[in-house]
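Given next are the chains, with one letter for each unit.
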Amino acid sequence: MIKPVPLYIGLRYVAARRRQQFISFINGFSLLGMALGVLALIVVSSVMNGFDRELKTRILSVVPHGFVEQQGGLEDWSAAADTLRQQPHVVAASPFVRGFALLGANNQSQGVEFQGVDPVALREVSAVGEHMLMGSLDALESRSYNIVLGRILARQLGVIPGDSVILTLPEVVITPAGIFPRTKRFTVAGVFSVGAQVDQNMALMHLDDAARLLRMRGKVQGLQLKFDDMNNALGRVEGYAQSLGEDFSGEDWSHSQGSLFQAVKMEKTVVTLMLMIIVAVAAFNIVSALVLMVADKRSDIAVLRTLGLTSRQIMAVFVVQGSAIGIIGALIGGLLGTLIALNLTDLVSWIEHVVGAKIFDPRVFFVSFLPSEFRPGDAIMVLSAAVVMSLLATLFPAWRAAQIAPAEALRYE
């Protein structure tokens, strides 16, 4: 449909600057709006990708990639661990006992998930030992009733290593004096900081101490698994658990932490759709520019028709003009957005250095910098959407131009 003549005329109309200052302004405004919309979409998508990456990296460096549990408890966990280590992509296995309780100190209380772990085996599946702010995992010894807390949890309770906390289980003990909740005093032996949600709701203790609390002496609840890549755990843990026996069950990190990552994914989708409105507004500006151009070029259209151009070629002229505005704006926005997304972290750090203030206070935010991860697939999707919207925006004005009758347009010329 688009031949050299319509292409040439359409591009000439894009660059026209004489007698159509207002139309030129609309064209420039449409191009600028398209560029800003594409730029914003690419930068915001990269920031959301960066936060998703940071959350996965931080949380899954501490939270195991998978859990295998046996109904009623696992007695010979070392044999099961040896079997699981022989499975493809499994690099380590560690026993655990976990439960939920209320942790209190200094008239403050907080619901937590406590985990009983083997400090030596835990280092193979979790990097929490590398994130200790105070104390050490080595202090978690059997019958010591020591406990290691996340940084935010310790701050909420107002405790430091050496202080005592009271752990209250969700069950009661019946005594001659009445009914009392089960409680146990622990000594804070360390504080870790991962920079993620686990800092607020996780507490670690020795495997034997947790087993006594939950009346599982001689047994563990299951095994924590670490894979060579976190994505290799998806869809495999349940099968590995079934290979140990019918009474075994397993789940990977997409089940234990999936709600958080699904929330991040949903937030990215909603923000992308909202920002796509900017691109749609720029496309509507293209419609306005073309409608004004068609009204201004009625005599030109009539002359071109008398010279032999068909209605389809006239339509192609304005499709080329509107599409060129959208494509040029999308390419400019895509180039600038890519450059900003690739250097956003360094750019924000430079601004913080110049201003002398932190945009993301590490005392408040889990991630104390602005992460960015540019993905070519996202940029291609944004550019494709912008081009398609620009093309669709040209169809109605171009069709109106093709319907102009030459005799009617030249009657008063």
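Values in this document were obtained by computation on a predicted structure and should not be read as measured data. (Residues numbered from 1 in each chain as written. Predicted model: local features only at pLDDT ≥ 70, side-chain atom pairs only at ≥ 80, totals over all residues. Heavy atoms only, no water.)

A.B. asks: Whenever I open this one, unusual backbone geometry confuses me. Can you help?
C.D. replies: Phi is positive for Arg 143, close to 65 degrees, though the residue is something other than glycine. Within the secondary structure, Arg 143 is located in the loop between β4 (132-135) and β5 (146-150). Using a relative accessible area of 60% as the deciding quantity, one classes Arg 143 as exposed. Its identity is not glycine, yet Tyr 145 carries a phi of approximately 50 degrees, on the positive side. Inspection of the secondary structure assignment puts Tyr 145 in the loop between β4 and β5. (Helix = DSSP H or I, 4+ residues; strand = E, 2+ residues; numbered from the N terminus. Buried < 20%, exposed > 50% of the residue type's maximum accessible area, 1.4 Å probe, protein only.)

A.B. asks: Where do I start with the environment of Gly 250 in this structure?
C.D. replies: Here Gly 250 is to be found in strand β10 (residues 248-252). Among the residues examined, Gly 250 registers a relative accessible area of 17% and is labelled buried. As for Gly 250 and Glu 69, which are separated by 181 residues in sequence, their C-alpha atoms are 6.2 Å apart. The contacts of Gly 250, once residues within four sequence positions are left out, are Phe 67, Val 68, Val 237, Glu 238 and Ala 241. (Contact = heavy atoms within 4.5 Å.)

A.B. asks: What exactly am I supposed to notice about helix α11 (residues 298-306) here?
C.D. replies: Of all the residues in α11, the buried ones are Ile 301, Ala 302 and Leu 304. For α11, the buried positions fall inside an angular range of 165 degrees around the axis, keeping them on one side. Taken from the residues just after α11, Gly 308 is the one with a positive phi, measuring 120 degrees. (Arc of directions from axis to C-beta.)

A.B. asks: Explain the layout of surface pockets here, please?
C.D. replies: Over the atoms rolls a probe the size of a water molecule, and in doing so it shows where empty space is left. Quantified by volume, the largest pocket comes out at close to 380 Å³. Lining the largest pocket are 19 residues; nearest its centre among them are Asp 52, Lys 56, Phe 261, Gln 262 and Lys 265. Breaking the lining of the largest pocket down by element, the ones donating at least two residues are α2 (21-62), α9 (253-256), α10 (258-296) and α13 (376-402). Considering each element in turn, the lining of the largest pocket owes the most residues, 8 residues, to α10. (1 Å grid on protein atoms, 1.4 Å probe; cavity = no way out; pocket = protein on both sides within 12 Å on 5 of 7 lines; lining within 4 Å. Points joined across faces, edges and corners; volume = space filled by probe spheres on them.)

A.B. asks: For this particular structure, what's the right way to read the UniProt feature "transmembrane region" (unreviewed entry) in the chain?
C.D. replies: Mapped onto this numbering, the UniProt entry annotates "transmembrane region" (unreviewed entry) at residues 22-48, 270-295, 316-342 and 379-399. End-to-end, the C-alpha atoms of residues 316-342 are 37 Å apart, and along that stretch the chain is 100% helix and 0% strand. Along residues 379-399 the backbone is 100% helical and 0% strand, and the end-to-end C-alpha distance reaches 31 Å. (UniProt positions renumbered as here; feature names shortened; annotations may be inferred.)

A.B. asks: Mind showing me how you'd approach empty space enclosed by the protein here?
C.D. replies: A complete count under the given rule lists 1 cavity of 30 Å³ or more for this structure. By volume, the largest cavity is sized at about 60 Å³. For the largest cavity, the full set of lining residues is Val 62, Val 63, Pro 64, Gln 115, Leu 122, Val 125, Ser 126, Val 128, Met 202, Leu 204 and Gln 224. Elements with a minimum of two residues in the lining of the largest cavity: α4 (119-125) and β8 (202-206). When its residues are assigned to classes, the lining of the largest cavity shows 8 nonpolar, 3 polar and no charged. (Nonpolar A, V, L, I, M, F, W, Y, C, P; charged D, E, K, R; others polar.)

A.B. asks: What am I meant to see in the nonpolar core here?
C.D. replies: Soluble, globular proteins show a tendency: their nonpolar side chains are buried together. Counting 66 residues, the largest nonpolar core has Leu 103, Ile 147, Leu 149, Val 165, Leu 167 and Leu 204 as the members making the most contacts within it. Examining the composition of this core, we find that 8 residues originate from one element, strand β2 (residues 90-105), more than from any other. Dropping the residues within four chain positions of it, Val 165 is found in contact with Leu 103, Gly 104, Ala 105, Ile 147, Leu 157, Val 159, Lys 184, Arg 185, Phe 186 and Val 188. Met 276, Ala 324, Ala 386 and Ile 404 belong to the second largest nonpolar core, which has 34 residues in total. (Core = buried A, V, L, I, M, F, W, Y, C linked by side-chain atoms within 4.5 Å.)

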